[in-house]
Amino acid sequence: MKYHPINNQLFVKNRKNFCAQMKPNSLAVFNSNDIYPISADSTMPFQQHRDIFYLSGVDQEESILVLFPDCPKEKHRELLFLKETNDHIAVWEGEKLTKEAAFETSGIKTVYWLKDMEKIMFELMTQCDTVYINTNEHYRASVETETREDRFTKWLKDKYPAHNVAKSNPILQRLRSVKDPIEIALMQEACNITEKGFRRLLNFVKPGVWEYEIEAELMHEFLRNRSKGFAYTPIIASGNNANVLHYVQNNQQCQASDLILLDVAAEYANYSSDLTRTIPVSGRYTDRQKQVYNAVNRVKNEATKMLVPGTLWEAYHVEVGKLMTSELLGLGLLDKADVQNENKDWPAYKKYFMHGTSHHIGLDTHDYGILTEPMQPNMVFTVEPGIYIPDEGFGIRLEDDVVIQEKGEPFNLMKNIPIEVEEIEDLMN
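Residues numbered from 1 in each chain as written. Predicted model: local features only at pLDDT ≥ 70, side-chain atom pairs only at ≥ 80, totals over all residues. Heavy atoms only, no water.

Going by an unreviewed UniProt entry, the chain carries the name Xaa-Pro aminopeptidase and comes from Geojedonia litorea. Quoted verbatim from the Cofactor (unreviewed entry) field of the UniProt record, the comment on the chain reads "Mn(2+)". (UniProt positions renumbered as here; feature names shortened; annotations may be inferred.)

Here we take up the overall build of the chain. Each helix and strand in the chain was counted, giving 13 helices and 18 strands. Taking 22 Å as the expected radius of gyration for a compact globule of 429 residues, we find that the chain reaches 24 Å, a close match to that expectation. Reported as C-alpha extents along the three principal axes, the dimensions of the chain are approximately 70 × 50 × 40 Å. In the chain, which comprises 429 residues, the proportion classed as buried is 54%. Long-range pairs, those at least 24 residues apart, make up 71% of the contacts in the chain between residues at least 6 apart in sequence. Summed over its atoms, the accessible surface of the chain is roughly 19,600 Å², and 50% of this surface lies on carbon and sulfur atoms. Of note, the chain has its 47 positive side-chain charges centred 4 Å away from the centre of its 63 negative side-chain charges. (Helix = DSSP H or I, 4+ residues; strand = E, 2+ residues; numbered from the N terminus. Rg over C-alpha atoms; globule rule 2.2 N^0.38 Å. Buried < 20%, exposed > 50% of the residue type's maximum accessible area, 1.4 Å probe, protein only. Contact = heavy atoms within 4.5 Å. Areas by Shrake-Rupley, 256 points an atom, 1.4 Å probe, with all protein chains shown as cover. Lys, Arg positive; Asp, Glu negative; His and termini not counted. Charge placed at Lys NZ, Arg CZ, Asp CG, Glu CD.)

As a further point, take the packing of aromatic side chains. This structure, assessed with the given rule, holds 11 aromatic pairs. Where phenylalanine 222 meets phenylalanine 230, the ring centres are 5.3 Å apart and the plane angle is 75 degrees; that geometry is what we call edge-to-face. Residue classification places phenylalanine 222 among the buried residues on the basis of a relative accessible area of 0%. For phenylalanine 230, a relative accessible area of 16% translates into the label buried. Look at tyrosine 349 and phenylalanine 353: their rings are 6.0 Å apart centre to centre, the planes differ by 40 degrees, and that puts the pair in the tilted class. Each member of the pair tyrosine 349 and phenylalanine 353 is classed as buried. Feature note: the residues Phe18, Phe30 and Tyr132 constitute an aromatic cluster, connected by ring pairs. (Phe/Tyr/Trp six-rings, centres within 6.5 Å; stacked < 30°, edge-to-face > 60°.)

So, on to the side chain of serine 238. Following the sequence through the fold, serine 238 ends up in strand S9 (residues 235-238). On the accessibility criterion, serine 238 (5% relative accessible area) is buried. In contact with serine 238, not counting residues within four places along its chain, are Glu211, Gln252, Gln253, Cys254, Asp258, Leu259 and Ile260.

For the rest of this paragraph, the subject is the sheet that holds strand S17 (residues 400-403). On the basis of which strands lie adjacent, the open sheet formed by three strands has the order S14-S17-S18 and antiparallel pairing. In this open sheet, the two edge strands, each paired with only one partner strand, are strand S14 (380-383) and strand S18 (411-412). Summarising the sheet, S14 and S17 pair through four bridges and their orientation is antiparallel. When the bridges of S17 are listed, threonine 382 appears paired with aspartate 401. (Pairing = 2+ DSSP bridges.)

Remark: helix H5 (residues 117-125) packs on helix H6 (residues 148-159), axes separated minimally by 12 Å, with the N-to-C direction vectors making an angle of 55 degrees. Considering the angle they form, H5 stands oblique to H6. Of the two elements, H5 crosses H6, and the hand of that crossing is right-handed. From H5, Met117, Glu118, Met121 and Met125 reach across to H6, where they touch Phe152, Trp155 and Leu156. (Axes fitted to C-alpha atoms, helices over the stretch in contact; angles between N-to-C directions. Parallel < 35°, antiparallel > 145°, perpendicular 65-115°, else oblique. Left-handed = near helix turned anticlockwise from the far one by under 90°.)

Take the environment of leucine 186 next. Here leucine 186 shows up in helix H8 (residues 181-202). You can call leucine 186 buried: its relative accessible area is 10%. Sequence separation between leucine 186 and alanine 266 is 80 residues, and the spatial gap between their C-alpha atoms is 11 Å. Leucine 186 has contacts with Ile6, Tyr268, Ala269 and Tyr271, leaving out every residue within four places of it along the chain.

Structure below.
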């Protein structure tokens with residue numbers, strides 16, 4: 001891996017917290033992701049399943065984690081099954097985790113090779129009553145591909161149909177949404193790498209540059225700072241492209257009068273950052289662009305203050321909508337009649353700001369978190385209002401990542417990344 005080793009006490013603590021939520025005499029299983037094929041012998045770059053990583057730190061394909069806190073045999077209360085490494089694999093693919101390296105990474109003492117999995121699992125299943133399976137129940141999930149986890153679950157339920165079945169996901173949703181200080185430090189590093197990339201752009205962007213050239217500059221800076229690259233597909237949207245919320249073609253030339261909406265950020269050690277900035281190709285905002293930009297920034301700053309313990313996600317978005325409505329009235333984009341006659345299910349402000357303001361962020365860019373439950377300290381959220389005006393040929397979105405505190409306003413992990421109009425203009429000129 002490119003990233004520095006992570007203190008394995010994070011994973012020890014995560015497993016302890018998960019096991020504390022399990023039913024008596026139960027067992028939980030977590031699988032790595034597949035390496036997905038493209039065609040012929042080509043594959044996608046491997047991306048570890050975030051749940052097994054969260055609980056073990058293992059960042060390798062064909063790995064299985066089993067947790068059985070009530071197992072009569074103490075050494076089987078937590079164990080890993082790994083792809084067996086050998087000299088041939090080391091030459092062709094690079095060395096895989098040895099049993100010793102797996103212990104150093106995860107803090108798990110009992111490590112078996114995968115060839116022993118069915119035999120060991122038979123012993124464990126005769127000793128437990130309930131098995132926890134790991135399903136993807138994220139509110140944005142839309143999965144058409146059968147995963148390695150899905151196939152394992154089918155095999156397990158077919159082979160052991162008399163066992164009770166429970167779900168790991170509700171436990172993980174709650175645990176993963178509240179970050180450990182080690183996790184917050186990793187996310188801060190992702191944000192710091194993103195800052196380096198953004199500052200690089202401020203000296204690079206000029207009329208005539210192509211969106212994909214900007215993407216290349218960012219990738220260069222991210223890779224040279226131990227990131228695998230972008231935390232999500234980058235959006236580099238100049239001019240009216242910014243009014244397409246998930247514009248990812250990044251293939252247009254940037255004109256002198258354009259703004260560029262940059263929704264781009266680095267990952268680090270599988271943890272995401274999520275940044276949006278909107279900058280002028282020429283290095284100067286027009287008066288109108290500046291007027292709209294500052295309105296978005298005001299909404300962002302006021303929305304951020306609402307992210308405190310006890311806040312409910314749905315009520316928060318209603319309040320942000322009121323802030324945005326006020327700004328749109330001031331900009332002349334809405335009038336009082338628009339607001340008075342609005343559909344309460346789709347308020348007037350949604351014409352210019354049609355997406356949500358905040359989402360959980362962590363190991364996934366749209367991270368785990370149960371949205372019907374109150375916000376808690378050490379949850380990390382994005383704050384990302386925007387105003388999109390196709391008739392005027394530009395859209396503006398601004399976004400930071402913030403950590404909810406016990407008291408007071410959130411801590412902004414991106415506080416050092418330029419955002420004020422004057423600072424961006426100064427740096428670009």
